[in-house]
Amino acid sequence: MNLSKKLLLALAGTGMMAPMAASAQELASLNGAAAINDYMQQQDVDRFRAWESKNQVTSVTQFSDVQPTDWAYQALSNLVEKYGCVAGYPNGTYKGGQAMTRYEAAALLNACLDRVTEVTDELQRLMEEFKAELATLRGRVDGLEKKVGKLEAQQFSTTTKLRGEVSMIIGGSPDYDGDGSTKTTFNYDVRLSFDTSFSGKDLLRTRLRSGNFNDDPFGSSGNVFKLDKAEENAVDGGNAVSIDRLFYTFPVGNEVKLTVGALARNTEMLSFMPTAYKSGILDFFNLAGATGTYNKATGAAAGLSWKQKVKKGNPFATFDVNWVSMAGGEGAGYANSEIGAFSSEGAQNILAQLGVKGQNWGAAVAYRYGSENARLRDPNTPSSDFFRTLGEGQDSNSVSLAGFWQPMDAKWLPSISGGFSYTNYTTGDDRPSADIWSWMVGLQWKDVFVKGNSAGFAVGAPLYVTSSSDTSVEQDAGYMYELFYKFRVSDNISVTPAVFWITKNYNDGNAGQGTYGGVIQTTFKF
């Protein structure tokens, strides 16, 4: 709507206009449109404008009977101060509650339209001065409209986004099952996530995954050197494509989210992981060293997350609880009607976390219950040992405490992360009880040498048995270390060389000896 139309509407809608120089009685003596036109052509117009110039109002505060509490105060202020086309009575009043004649309205409208013409002339001069720039902008807008139209016509979906991650890893570690020589592997991991939202606040995730990791040295979920990117289900070279995530998350109110799905992971249903150490290399260190509690149980799942709503930047509290039935027994226990998702043989995992998080710090205490066939994550033990997977009649109870702090400004200071977990195994039908511990401390620096690059160092002890009803399975801790440097080639590509070693490795073939490994991991994200 242009300025003249706005003024016409204002005049018609408010009826709060003041008379100009001519009095209402003088104008009322005239008849019809022709009469008002004749009047405006007469010499009286000169006297009218002389009076108007002398008595022109420049501020609404000049009216003694207009108060800021009046309902039309702001509208009148705009007409007076922006357009200067309102005058009052000689005694300094506006008489806003008094009715006006059609002639008074005509006189006032004429003055306002004169002012609008002045404004329009100024705009026209500006448009002529910037004619070339305006033409360029119009051309760019037209081009953008064409591109947007093309994208809309060719887009995959109006509700679904595709997110991809490809990791290619060259790695090596001594092979103690053979001649002790270092074996080098070239592995890959591919993840394609289809994220769908129907309301803008919910999420339906379907993820495809493939990889070619063998069981050793980096693919097995039980290997103490298991990589975060290793595909657990890749057997004999892998290369098969499978769905490894399928769940739906939706809000309930402003602070609660619910998740249900056929394939979801317990750690991914938490409001946050209490660690700032994120090398993306060894699985153990990425889980705050608390792999007894954060065991990455994946399967049929349901979860609830509560996040306190606070002013942006203020610390907030969270509470999460979720249930997962892992792939236990023969095949996927939760999908096997002979086992069932809710039976004890279906590898029940119940994880609860209470946390608090600020802008640069966070801490959480967590608890996990595990039933028969539930598993620990990355234990330092042979694959044939009893405490990798719970046996018949066994239960586990795990607790952990983890937290982190990272500097706000000083880039030379590292973030500090730490955590530990304790797990108790009850006695099973043919399994002993056990007390199992793990812990870690990690330091990570930002913008090392080049902005965007990072480096880190971590030390910890993967899950080991400190006491048991069968004393023959008790262990000394194996102290594990990791050192990495992440080079960011671009926003979508990173290269991370890393080395790691452990003083006592009880995994298959190592028999408690110290061992080491290293990788060069290249990750592409799109």
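Residues numbered from 1 in each chain as written. Predicted model: local features only at pLDDT ≥ 70, side-chain atom pairs only at ≥ 80, totals over all residues. Heavy atoms only, no water.

Considerations on the overall build of the protein chain
- Each helix and strand in the protein chain was counted, giving nine helices and 16 strands.
- Excluding contacts between residues fewer than 6 apart, the proportion of contacts in the protein chain whose partners are at least 24 apart in sequence is 61%. (Helix = DSSP H or I, 4+ residues; strand = E, 2+ residues; numbered from the N terminus. Contact = heavy atoms within 4.5 Å.)

Quick look at the environment of Leu76
- Mapped onto the elements, Leu76 comes out in helix H5 (residues 73-83).
- On a C-alpha basis, the gap between Leu76 and Ser59 in space is 9.6 Å, while along the polypeptide they are 17 residues apart.

Here's the deal with the side chain of Ser305
- Assignment of secondary structure puts Ser305 in strand E6 (residues 298-307).
- According to the relative accessible area criterion, Ser305 is buried, its value standing at 10%.
- Here the side chain of Ser305 touches Met269 through a polar contact of 2.9 Å, landing on its backbone oxygen.
- The contact partners of Ser305, leaving out residues within four places of it in the chain, are Glu255, Val256, Lys257, Met269, Ser271, Phe319 and Asp320. (Buried < 20%, exposed > 50% of the residue type's maximum accessible area, 1.4 Å probe, protein only. Polar contact = N/O pair within 3.5 Å; in protein donor to acceptor, adjacent residues only side chain to side chain.)

Describing the side chain of Asn453
- With respect to the element layout, Asn453 can be found in the loop between strand E12 (434-446) and strand E13 (454-468).
- For Asn453, the residues in contact, after removing those within four places along its chain, are Trp445, Lys446, Asp447, Val448, Tyr485, Lys486, Phe487 and Arg488.

Let's talk about the environment of Lys451
- Along the chain, Lys451 turns up in the loop between E12 and E13.
- C-alpha separation for the pair Lys451 and Arg488, spaced 37 residues apart in sequence, amounts to 8.8 Å.

As for the nonpolar core
- Counting 19 residues, the largest nonpolar core has Phe225, Leu227, Ile281, Leu282, Phe285, Met480 and Val519 as the members making the most contacts within it.
- Of all the secondary structure elements, the ones that give two or more residues to this core are helix H9 (283-286), strand E14 (480-488) and strand E15 (493-505).
- The leading source of residues in this core is E15, at three residues.
- Beyond its immediate sequence surroundings of up to four residues, Met480 is in contact with Val224, Phe225, Leu282, Phe284, Phe285, Ala458, Val459, Gly460, Pro462, Trp501 and Ile502.
- In this structure, Leu376, Phe386, Leu390 and Val465 belong to the second largest nonpolar core, which totals eleven residues. (Core = buried A, V, L, I, M, F, W, Y, C linked by side-chain atoms within 4.5 Å.)

Remarks on the packing of aromatic side chains
- The full count for this structure, using the stated rule, is twelve aromatic pairs.
- With centroids separated by 5.5 Å and ring planes inclined at 25°, the aromatic side chains of Tyr248 and Phe250 adopt a geometry described as stacked.
- In this structure Tyr248 comes out as partly exposed when scored by relative accessible area, which is 27%.
- Since its relative accessible area comes to 25%, Phe250 is described here as partly exposed.
- An angle of 25° between the planes, with centres 6.4 Å apart, marks the rings of Phe457 and Tyr481 as stacked. Taken together, the residues Phe457 in strand E13 and Tyr481 in strand E14 connect sequence positions 24 residues apart. (Phe/Tyr/Trp six-rings, centres within 6.5 Å; stacked < 30°, edge-to-face > 60°.)

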